[in-house]
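Tertiary structure, described
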Amino acid sequence: MDLGVRWKLHGDGRTPAPGAVVRPDERLSWPRTVGLGAQHVVAMFGASFVAPVLMGLDPNLAIMMSGVATVIFLLATRGRVPSYLGCSLSFVGVAAVIRAQGGTSATVTGAVFVVGVVLFLVGVAVQRFGARIIHAAMPPIVTGAVVMLIGFNLAPVTASTYWPQDQWTALLVMSFTALAVVCLRGFWSRIAIFLGLVFGYALSWALDRIFGRIHSMGPGGKVTDHWRLDLSGVGRADWIGLPSFHGPSFQWSAILVALPVVIALVAENTGHIKAVGEMTGDPLDDRLGTAISADGVASMLSTAVGGPPNTTYSENIGVMAATRVYSTAAYWAAAGFALLFGVCPKFGAIVAAIPGGVLGGITVILYGMIGLLGAQIWLHAQVDLRNPLNLVPAAAGIIIGVGNVSLKFTDTFSLSGIALGTLVVIIGYHALRALAPAHLKPQEPLLDEGASSYDDNRP
């Protein structure tokens, strides 16, 4: 059985010729391949480290399981789809809602485990019936609206939890990260979030030395005098050790909150598979179902031991577009680095010590970018928002999701925020479409036609 773990040496193994690309089944010399693997790890640093911290999960375990997830994905796709699987930011809002309802880390991972099961079943269905079942159930207007409300639902988390801890640090980190995203080029722009974290660390350390402790709300929500950057946990942490594991716990209320994220994950996977296929010149439509199923299995395995869910990472796809090296050998190397980081508790302690003000500046941009990915889906699919069939369900669902509107059924069961907003968008759209006159029902473009892609010539 071909598992995609054999690679031909590309040229002399050093530098690709002008205009040439290193295909998924090729590699450069092993030292260069390992170096590219390290570059991919750096590219996913920002989001993969921030996401588990925001979800209240162990960052060491998150990094370790991202390596395991990447290996599963590469084996499942037989090495045809070069991609890194990291912690999905789409679940940050879900985790915040579940914890606000009194849920624990086990409740969060239990809900997300069910999402992994559903994602796996969606992948199986796509393999069996083709991608059109996705397009029929989730046209771009629905997908974009759900992604948008998931992202914008996080705004209160930044406003009430992170930003107040150190507003001036948050403002400076936000400004630096924005400049890095816009002004830097090539690989450096791809790791702008990571650079923002490094800048925030250095800034917080400097402000502590200059001004001393800050009097503000701390991580526990109480206003106290505290250091902006507390590295006491780093000194106590071991250099080598296993991360903390825990089993999932299942609650229907938490599961209902988490299930809408399936739509975002399907959209992410579809867009990324489409983008990789365009870059490599190898149509990967036949791999879409396999990729979605592999993502589901990887998320199930990660959440079963207490880690976060995973998804394909656009940051790493951007690195491939910049380097024109699509070798899956580099991703195997990246997975190896992730596994090594996962067994270094001191490394996890450094991540866990990210100051609240730094997270405030980062999340302002990060959460907004998640939400605006929904708008990007609309733009690429040329969704007509002048059509009331598109406008009404999307508008209603987004306001419900962003405003955390609730619908109470009994004393113990209610729907609100992300879950209710998603149901309003999906059910509302299909119900209105069934009743709408013919002139309001144009042929829907395919989801992957509205998915994101990358320009190989981007500087």
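Rules used throughout
Residues numbered from 1 in each chain as written. Predicted model: local features only at pLDDT ≥ 70, side-chain atom pairs only at ≥ 80, totals over all residues. Heavy atoms only, no water. UniProt positions renumbered as here; feature names shortened; annotations may be inferred. Helix = DSSP H or I, 4+ residues; strand = E, 2+ residues; numbered from the N terminus. Rg over C-alpha atoms; globule rule 2.2 N^0.38 Å. Buried < 20%, exposed > 50% of the residue type's maximum accessible area, 1.4 Å probe, protein only. Contact = heavy atoms within 4.5 Å. Areas by Shrake-Rupley, 256 points an atom, 1.4 Å probe, with all protein chains shown as cover. Axes fitted to C-alpha atoms, helices over the stretch in contact; angles between N-to-C directions. Parallel < 35°, antiparallel > 145°, perpendicular 65-115°, else oblique. Left-handed = near helix turned anticlockwise from the far one by under 90°. Nonpolar A, V, L, I, M, F, W, Y, C, P; charged D, E, K, R; others polar. Salt bridge = Lys/Arg side-chain N within 4 Å of Asp/Glu carboxyl O. Phe/Tyr/Trp six-rings, centres within 6.5 Å; stacked < 30°, edge-to-face > 60°. Expected span 1.5 Å × (residues − 1). Core = buried A, V, L, I, M, F, W, Y, C linked by side-chain atoms within 4.5 Å.

By the naming in an unreviewed UniProt entry, the protein is Solute carrier family 23 protein, taken from Streptomyces hyaluromycini. Of the protein, the UniProt comment under Sequence similarities (unreviewed entry) reads exactly: "Belongs to the nucleobase:cation symporter-2 (NCS2) (TC 2.A.40) family." The record held by UniProt for the protein lists under Subcellular location (unreviewed entry) the comment "Membrane".

**Regarding the overall build of the protein**
Across its full length, the protein holds 20 helices and 8 strands. Over its C-alpha atoms the protein spans a radius of gyration of 22 Å, differing by no more than 12% from the 23 Å that the globule rule assigns to 459 residues. Taken along the three principal axes of its C-alpha coordinates, the protein extends 70 × 65 × 40 Å. Taken over 459 residues, the protein has a buried fraction of 55%. Summarising the internal contacts of the protein: among those between residues at least 6 apart in sequence, 79% fall at separations of at least 24. Accessible surface computed for the protein: about 19,300 Å², of which carbon and sulfur atoms make up 65%.

**Section: the environment of Phe211**
When you line up the elements, Phe211 lands in helix α10 (residues 192-211). Under the relative-accessibility criterion, Phe211 is labelled exposed at 60%. Each C-alpha atom of the pair Phe211 and Thr422 lies 46 Å from the other, and the pair is 211 residues apart in sequence.

**Description of the packing of helix α2 (residues 59-76) against helix α16 (residues 328-342)**
Axis separation between α2 and α16 bottoms out at 7 Å; the angle between their running directions is 155°. For the element pair α2 / α16, the angle class is roughly antiparallel. Helix-helix and strand crossings are classified by hand; for α2 and α16 the assignment is left-handed. In this structure, α2 uses Asn60, Ile63, Met64, Ser66, Gly67, Val68, Thr70, Val71, Leu74 and Leu75 to contact α16, whose residues at the interface are Thr328, Tyr331, Trp332, Ala335, Ala338, Leu339, Phe341 and Gly342. Grouping the constituent residues of the contact of α2 with α16 by class yields 12 nonpolar, 6 polar and no charged.

**A few points about the pattern of salt bridges**
Using the criterion set out here, one finds 4 salt bridges in the structure. In this structure, Arg228 engages Asp208 in a salt bridge whose closest nitrogen and oxygen atoms are separated by 3.1 Å. With a gap of 20 residues between them, Arg228 in the loop between β5 (223-226) and α11 (232-236) and Asp208 in helix α10 connect regions that are remote in the sequence. Look at the salt bridges and you will find they share partners, linking Asp166, Asp208 and Arg228 into a network.

**Digging into the packing of aromatic side chains**
The final tally for this structure, using the stated rule, is 3 aromatic pairs. Where Trp7 meets Trp30, the ring centres are 5.9 Å apart and the plane angle is 85°; that geometry is what we call edge-to-face. Here the residue Trp7 occupies a position in the segment before β1 (8-9), and Trp30 occupies one in helix α1 (residues 30-55), the gap between them amounting to 23 residues. Using a relative accessible area of 19% as the deciding quantity, one classes Trp7 as buried. With a relative accessible area of 41%, Trp30 lands in the partly exposed category.

**Describing the packing of helix α4 (residues 105-129) against helix α14 (residues 288-304)**
Running from N to C, α4 and α14 cross one another at 160°; their axes reach a closest spacing of 7 Å. The pairing of α4 with α14 is recorded here as roughly antiparallel in orientation. Considering only the axes of α4 and α14, their crossing is left-handed. Contacts from Thr109, Val112, Phe113, Gly116, Val117, Leu119, Phe120, Val122, Gly123, Val124, Val126 and Gln127 in α4 reach Leu288, Gly289, Thr290, Ile292, Ser293, Asp295, Gly296, Val297, Ser299, Met300, Thr303 and Ala304 in α14. When grouped by side-chain class, the residues that make up the contact of α4 with α14 number 13 nonpolar, 10 polar and 1 charged.

**Observations regarding helix α20 (residues 417-435)**
Given a rise of 1.5 Å per residue, 19 residues ought to cover 27 Å, and the 26 Å separating the end C-alpha atoms of α20 matches this to within 8%. Regarding α20, the residues found buried are Gly417, Ile418, Ala419, Leu420, Gly421, Thr422, Val425, Gly428 and Tyr429.

**With respect to the environment of Gly116**
By the element assignment, Gly116 lies in helix α4. Each C-alpha atom of the pair Gly116 and Ala298 lies 7.8 Å from the other, and the pair is 182 residues apart in sequence. For Gly116, the contacting residues outside a window of four places in its chain are Gly296, Ser299 and Met300.

**A short note on the nonpolar core**
Core analysis: the largest hydrophobic core is formed by 99 residues, its most contacted members being Met55, Val92, Val266, Tyr367 and Trp378. If sequence neighbours within four positions are ignored, Val92 has contacts with Ala51, Leu54, Met55, Leu154 and Tyr367.

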